[in-house]
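# Analysis of the macromolecular model
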Amino acid sequence: MSIVSLRTIDHRFEAMPNTSNLIDIFPAGIANGEYGLPPDRLIIMKSGSGCRLTDTAGREYLDFSMAWGSCLVGHAHPAVVRAVTDQAAQGSNFAYLNAHALAVAEEIQRIAPAAQRLRFCASGTEATMYCQRLARAVTGRRKILKFEGAYHGANEAGVTSLFPTGPATYPAPELTSAGTPAMRDYLLVAPYNDLNAMREIVSDNAADLAGIIIEPLQRCTPPKPGFLEGVRAAALEAGTLLIFDEVVTGFRLAYGGAQEYYGVVPDLVAYGKALGGGYPIGVFAGRADIMEWVSEHRIGGDDYVWMASTLGGNPISSAAANAALSVFREPGTYIRLHELGRYLRAGLAKVLQAHEIPAQVIGDGPLGQVVFSSEPVYDYRSTRKADTAMGRALMIGLFDRGVFLNPMGTKLYLSLAHDEADCDSLLDRVDDVLKEIVRSRPDAA
């Protein structure tokens, strides 16, 4: 860890004077949801460059959220800025195919074995929604199976059993969000990384099971050896469709995403986040025979699935995506991302060990998460055994020391703009926060 970087963290967050009215404008003072910052820590962001952000008070933050992972190339990457600037002068949206979108589509088709045909939408949420709709239509069945604790966008299935607090009642879901009562009838839930439980649920519900949707790397929890292969086999046996939610894993674990990284090919796949280089984008793709169900030539028939998107494949986002893809194709990109992820996770483990704090550091590729538990983490329920108050204290402490992240979780996103020095700077601040937490314990001497 870097000693000199400690000089940059000897401060505490001071409330910005012009944010007192934010709670009168936005629920909890948050414009786009979920950050859950205390009212006295609300800020307004002004600019970003690389892996750093600056707020309107001129304070700089080391960013380990990276727009929830969508800025894998870094903020304001020169190639993305040039592409977007050039296109902006020629029009921002035609709601129709353009050259940039075609190039993105051809590249995805080239690298993703599941993407025989594809369509654009505006977000990962929409992409996973369309995959589920297609699965129901093609199979003639109504239920979708998801894995407990997985997030599949803001659609109803995506936010159900997202962070359940009650006892496990597999396969019945727990409604994380109000306003989603239909999920009791349309959604099944299984524990991640439990092949036997998954197989039993699939077998018992095969006649009504349209699809299995899965984050191949669920949040930051890696799949056990053979788990994804087992899910693939169970889907084939039940005649149901396997959906990979690659909104996070796409272009992050490998250029070909989780399909390349784990060697398992789904029937349908959803993309978003990193593909857009920081701009909004969504893509869903799959086998040609499945994707033909969205063909407008089928309108009026029983074999048609409605799909359209005003902003899907718009030339601004598509130009940004082409630029991001060109960055991802640069030699050594994924070697670098994996090296950096291992460096950060090892550093976190070392700091936690130095303070004798029981915790697990999980993740893969450029992702990391600290789970304050002495027990191994392999699914949602094992993460629930963690000391969540400790996790919250760490996140708020880091925010107060100039690290931008989501204090409602402990997931850390690395990007191509980060380097080992940035990781060292974060580790110094983690060390500082943990010292404070240890000193504040009631049993501290």
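Thresholds applied
- Residues numbered from 1 in each chain as written.
- Predicted model: local features only at pLDDT ≥ 70, side-chain atom pairs only at ≥ 80, totals over all residues.
- Heavy atoms only, no water.
- Phe/Tyr/Trp six-rings, centres within 6.5 Å; stacked < 30°, edge-to-face > 60°.
- Helix = DSSP H or I, 4+ residues; strand = E, 2+ residues; numbered from the N terminus.
- Lys NZ or Arg CZ within 6 Å of the ring centre and 35° of its normal.
- Pairing = 2+ DSSP bridges.
- Salt bridge = Lys/Arg side-chain N within 4 Å of Asp/Glu carboxyl O.
- Buried < 20%, exposed > 50% of the residue type's maximum accessible area, 1.4 Å probe, protein only.
- Axes fitted to C-alpha atoms, helices over the stretch in contact; angles between N-to-C directions.
- Contact = heavy atoms within 4.5 Å.
- Patch = residues over 30% accessible without salt bridge, like charges linked within 9 Å, V, L, I, M, F, W, Y side chains within 5 Å.
- Areas by Shrake-Rupley, 256 points an atom, 1.4 Å probe, with all protein chains shown as cover.

### Remarks on the packing of aromatic side chains
- For the coordinates displayed, the defined rule picks out 13 aromatic pairs.
- With 6.3 Å between their ring centres and 75° between their planes, Tyr61 and Phe404 make a pair best called edge-to-face. Of the two residues, Tyr61 is situated in strand β3 (residues 60-63) and Phe404 in strand β13 (residues 403-404); the sequence distance between them amounts to 343 residues.
- Considering the side-chain rings of Tyr130 and Phe284, the 5.1 Å spacing of their centres and the 25° angle between planes classify their relative orientation as stacked. In this pair, Tyr130 is assigned in helix α4 (residues 124-139) and Phe284 in strand β10 (residues 282-286), connecting sequence segments 154 residues apart.
- Here a set of aromatic residues connected by ring pairs shows up, and it is made of Tyr35, Tyr61, Trp68, Phe399 and Phe404.
- Directly above the ring of Tyr186 sits Arg142, whose terminal nitrogen or CZ lies 5.7 Å from the centroid.

### Details of the sheet that holds strand β2 (residues 52-55)
- Read from one edge of the open sheet, 4 strands run β1-β2-β3-β13, paired in mixed fashion. Strands at the two margins of the open sheet, each flanked by one partner only, are β1 (45-49) and β13.

### Quick notes on the pattern of salt bridges
- One pass over the full model with this rule turns up 19 salt bridges.
- With a shortest N-O distance of 3.1 Å, Glu375 and Lys385 are connected by a salt bridge. Of this pair, Glu375 sits in the loop between β12 (367-371) and α12 (380-384) while Lys385 sits in the loop between α12 and α13 (388-400); the two residues are 10 residues apart in sequence, bridging distant segments of the chain.
- In this structure, the salt-bridge partner of Asp431 is Lys435, at a minimum N-O distance of 3.3 Å. Pair noted here: Asp431 and Lys435 are both in helix α14 (residues 420-439), with a separation of 4 residues, about one helical turn.
- For Lys435, a relative accessible area of 38% gives the class partly exposed.

### A closer look at the sheet that holds strand β6 (residues 187-190)
- The mixed open sheet is built from 7 strands, whose spatial order is β4-β10-β9-β8-β7-β5-β6. Looking along the sheet, the strands with just one partner apiece sit at the ends: β4 (117-121) and β6. Taken pair by pair, the neighbouring strands of this sheet meet at an average axis angle of 20°, ignoring direction.
- Pairing between strand β7 (residues 209-214) and strand β8 (residues 241-245): 4 bridges, direction parallel. What sits directly across from Ile213, in β8, is Ile243.
- Sheet contacts for helix α7 (residues 227-238): β5 (143-147), β7 and β8; angle to β7, the most-contacted strand, approximately 165°.

### As for a nonpolar patch on the surface
- Taken together, the side chains of Phe94, Tyr96, Leu97 and Leu102 present a nonpolar region at the surface, about 460 Å² in accessible area.
- Considering the arrangement of structural elements, one finds Phe94 in the loop between α2 (78-88) and α3 (99-111).

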